Amino acid sequence: MAKKMKKQPGGLKEGCRKMMVALKRKPQTIPLLVLAAAFLIYSLNLTHVSDTTAKIQLPGMGLSGFCVMLFSLLSFVCFLNAYPHRKKTNIPMLVLMFLMLGILIFCDGYYMQRITQALTRPDHPIVVDENTAYITRAYAVLNLHRIIVAIGALLTLLVPVLRKLLQKIDTSLPVEEMGKMNAIELTGDM
């Protein structure tokens, strides 16, 4: 005796609606995802950065790469502690997170300056060819990382604005007409 199951509302439209409801409840998810994307872009291209450090070997390059990884992870911890579940925003953690994001942007810029310095120095400049193409990839990755971190910081600042904008989006389910609704049977022991 197989019973036919009532088709549940689903599909792409329902999935988008549920995602919007989740974003309305936690708008800080948007900057968190942007910062996670920045971390993934940097960490998945870390080989290019490490090879560049080994090739160029200017002072502070290794420390800069280490600081980017360290402060990326620590900024996630601060971000998650800045927005605790069902509590007010933890301002000191938010300030600490912005400090770390500033250090990330500075370290990326410092590393990019070192690459430029090695490529343009008058004595024994590094020549980029097919064997050292990773240097230009590292430069591009650092520039992209710096931009995405800045966008994530800006979105974090705009969380209150995002919250107000998301609240204006209607995510309620449409109510069916009364004629289409099935009769409701109430049974209960009193």
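Residues numbered from 1 in each chain as written. Predicted model: local features only at pLDDT ≥ 70, side-chain atom pairs only at ≥ 80, totals over all residues. Heavy atoms only, no water.

Enquirer: Please provide a residue-by-residue account of empty space enclosed by the protein, values included.
Expert: The full count for this structure, using the stated rule, is one cavity of 30 Å³ or more. Estimates place the volume of the largest cavity at around 50 Å³. Lining the largest cavity are Leu35, Ala38, Phe39, Ser72, Ser75, Phe76, Leu101, Leu104, His145 and Val149. Every element with two or more residues in the lining of the largest cavity is listed here: helix H2 (29-44), helix H4 (61-82), helix H5 (91-120) and helix H6 (134-157). Residue composition of the lining of the largest cavity, grouped by class: seven nonpolar, three polar and no charged. (1 Å grid on protein atoms, 1.4 Å probe; cavity = no way out; pocket = protein on both sides within 12 Å on 5 of 7 lines; lining within 4 Å. Points joined across faces, edges and corners; volume = space filled by probe spheres on them. Helix = DSSP H or I, 4+ residues; strand = E, 2+ residues; numbered from the N terminus. Nonpolar A, V, L, I, M, F, W, Y, C, P; charged D, E, K, R; others polar.)

Enquirer: Quick one: what's the story with the nonpolar core, residue by residue and with numbers?
Expert: In terms of nonpolar packing, the biggest core is built from 38 residues, with Ile56, Leu101 and Ile115 touching the most fellow members. Elements represented by at least two residues in this core include exactly H2, helix H3 (46-56), H4, H5, H6 and helix H7 (159-167). At 10 residues, the largest contribution of residues to this core is made by H5. (Core = buried A, V, L, I, M, F, W, Y, C linked by side-chain atoms within 4.5 Å. Buried < 20%, exposed > 50% of the residue type's maximum accessible area, 1.4 Å probe, protein only.)

Enquirer: Describe the packing of H5 against H6, listing the residues and the values that go with them.
Expert: At a closest axis distance of 10 Å, the pairing of H5 and H6 adopts a crossing angle of 160°. By the angle between their directions, the pair H5 and H6 is classed as roughly antiparallel. Seen along the crossing, H5 lies across H6 with a hand that is left-handed. Of the residues belonging to the contact of H5 with H6, the class tally is 17 nonpolar, five polar and two charged. (Axes fitted to C-alpha atoms, helices over the stretch in contact; angles between N-to-C directions. Parallel < 35°, antiparallel > 145°, perpendicular 65-115°, else oblique. Left-handed = near helix turned anticlockwise from the far one by under 90°.)

Enquirer: Which residues make up the packing of H6 against H7, and what values do they have?
Expert: At their nearest, the axes of H6 and H7 sit 4 Å apart, and the two run at 65° to each other. In this view, H6 runs roughly perpendicular relative to H7, as classed from their interaxial angle. Here H6 contributes Leu155, Thr156 and Leu157 to the contact with H7, which in turn contributes Val159, Pro160 and Leu162. Within the contact of H6 with H7, the residues separate by chemical class into five nonpolar, one polar and no charged. (Contact = heavy atoms within 4.5 Å.)

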